[in-house]
Amino acid sequence: MRDFSSGHEWLSVNTATVRKQQGIERPLLDILDLCARHEIRAISPWRDQVASAGLKATAQAIRTHQLALSGYCRGGMFTATDDAGLVLARDDNRRALDEACELGAACLVLVVGALPGALQGKAAHKDIALARSQVFDGIAELLQYAQAQRMPLAIEPLHPMYAADRACINTLAHALDVCDALDPSRSGALGVAVDLYHVWWDPQLQRQIERAGRDRLLAFHACDWLTPTIDLLNDRGMMGDGVIDIRQVRGWVEAQGFAGFSEVEIFSHTWWAKTGDDILSTCIERHKTCV
């Protein structure tokens, strides 16, 4: 297992971690400047932030700061109530993939979607099997386009609390079932993003990481689970502040040959109240001591 104690060259910052300060959105180009000042080598930006900054301007800033992208957030949301909605989702995912290519991302992360309308507060139906079928078909279609563009797709299973509104793939096993069905040759074009916030609890986690192997392990996201968690979306913990044995899971991932960045992704009203410098300084310290 790699020794992170003496530096932070393998730390990546998901830009959601510093996207707000005292409730105000921090512009993406400012975030890139902030990361560069802290000598952070890699980021993972969100599409809405890129859209606000402009794709070309973002790409130029990434090149100027010589930043790598551990991933791009996000594609997915494949489900819909009718054929027209499915076509819109397909087209939007192709745009997301084109953006990932333009920015030089290591992979396009997929948050696959769930019951249509649930995220807005009113699900159109209760047929989660249908949602999963649409997700499978959507990934299959996008995979063909992704292979042509040589951009890997990373399915991110989300914690079961998000099964209704954000993602109906909720275990690493389910994500790998989809990978095995659509990419049986293990070409490297389709794999998983292992986000500790979503999978740490799974009694099958070590076995499924071993099943994934190097070919399927495309991204590793680090944060912590607080007790109590008072907001299931925006109360993620800084590494070391919660109950996840982060280093143990990283050991399992690296035992399979994963040698990429550890991407810190923290949605937190508590941390967003602090300055960006404080957040990144703490990320660097905890990456050395807890990841």
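Further up the page is the structure itself.
First, a word on scope: everything that follows refers to the structure included in this document. (Residues numbered from 1 in each chain as written. Predicted model: local features only at pLDDT ≥ 70, side-chain atom pairs only at ≥ 80, totals over all residues. Heavy atoms only, no water.)

1. Looking at the overall build of the protein chain
The condition that has to hold: A run of DSSP states H or I qualifies as a helix once it reaches four residues; a run of E qualifies as a strand once it reaches two. Both are numbered from the N-terminal end. When we talk radius of gyration, it's over C-alpha atoms, and the globule rule is simply 2.2 Å times the number of residues to the 0.38. Each residue is assigned to one of three classes by its accessible area relative to the maximum for its type, calculated with a 1.4 Å probe on protein chains only: buried under 20%, partly exposed between the two thresholds, exposed over 50%.
Along the backbone of the protein chain there are 11 helices and 11 strands. In terms of overall dimensions, the protein chain is globule-like: its C-alpha atoms have a radius of gyration of 18 Å, near the 19 Å expected for 291 residues. Its C-alpha atoms put the protein chain at 50 × 40 × 40 Å along the principal axes. When each of the 291 residues of the protein chain is scored for burial, the buried share is 54%.

2. Here's the deal with the pairing of strand E10 (residues 217-222)
Where a strand is regular, its side chains alternate between the two sheet faces. So the rule is basically this: DSSP bridges decide pairing: two strands pair if at least two such bridges lie between them.
Along E10, 6 of the 6 residues are buried, which leaves the element largely enclosed by surrounding structure. Taken together, the 4 bridges between strand E9 (residues 190-195) and E10 define a ladder with parallel strand orientation. Across the sheet, Asp195 pairs through a bridge with His221, a residue of E10. Relative to strand E11 (residues 262-264), E10 is paired through 3 bridges, and the arrangement is parallel.

3. Looking at the nonpolar core
We apply this condition: Grouping buried Ala, Val, Leu, Ile, Met, Phe, Trp, Tyr and Cys residues that are joined through side-chain atoms within 4.5 Å yields what is termed a nonpolar core. In this description, contact between two residues means that some pair of their heavy atoms is separated by no more than 4.5 Å.
Residues Leu108, Leu110, Val112, Ile139, Leu153 and Ile155 are the most contacted members of the largest nonpolar core, which totals 81 residues. Excluding its chain neighbours within four sequence positions, the residues that come into contact with Leu110 are Gly75, Gly76, Phe78, Asn93, Ile139, Leu142, Leu153, Ala154, Ile155 and Glu156. Ranked by size, the runner-up nonpolar core spans 6 residues in total, among them Val109, Ala193, Leu218 and Ala219.

4. Regarding the pattern of salt bridges
Filter applied, for reference: In the sections that follow, a salt bridge refers to a side-chain nitrogen of Lys or Arg positioned within 4 Å of a carboxyl oxygen of Asp or Glu.
Using the criterion set out here, one finds 19 salt bridges in the structure. Here Glu102 ties to Lys56 by a salt bridge, and the two come within 3.4 Å at their closest N and O atoms. Linking Glu102 in helix H4 (residues 83-103) with Lys56 in helix H3 (residues 55-65), this pair joins segments that are 46 residues apart in sequence. Looking at Glu102, the relative accessible area reads 32%, which means it is partly exposed.

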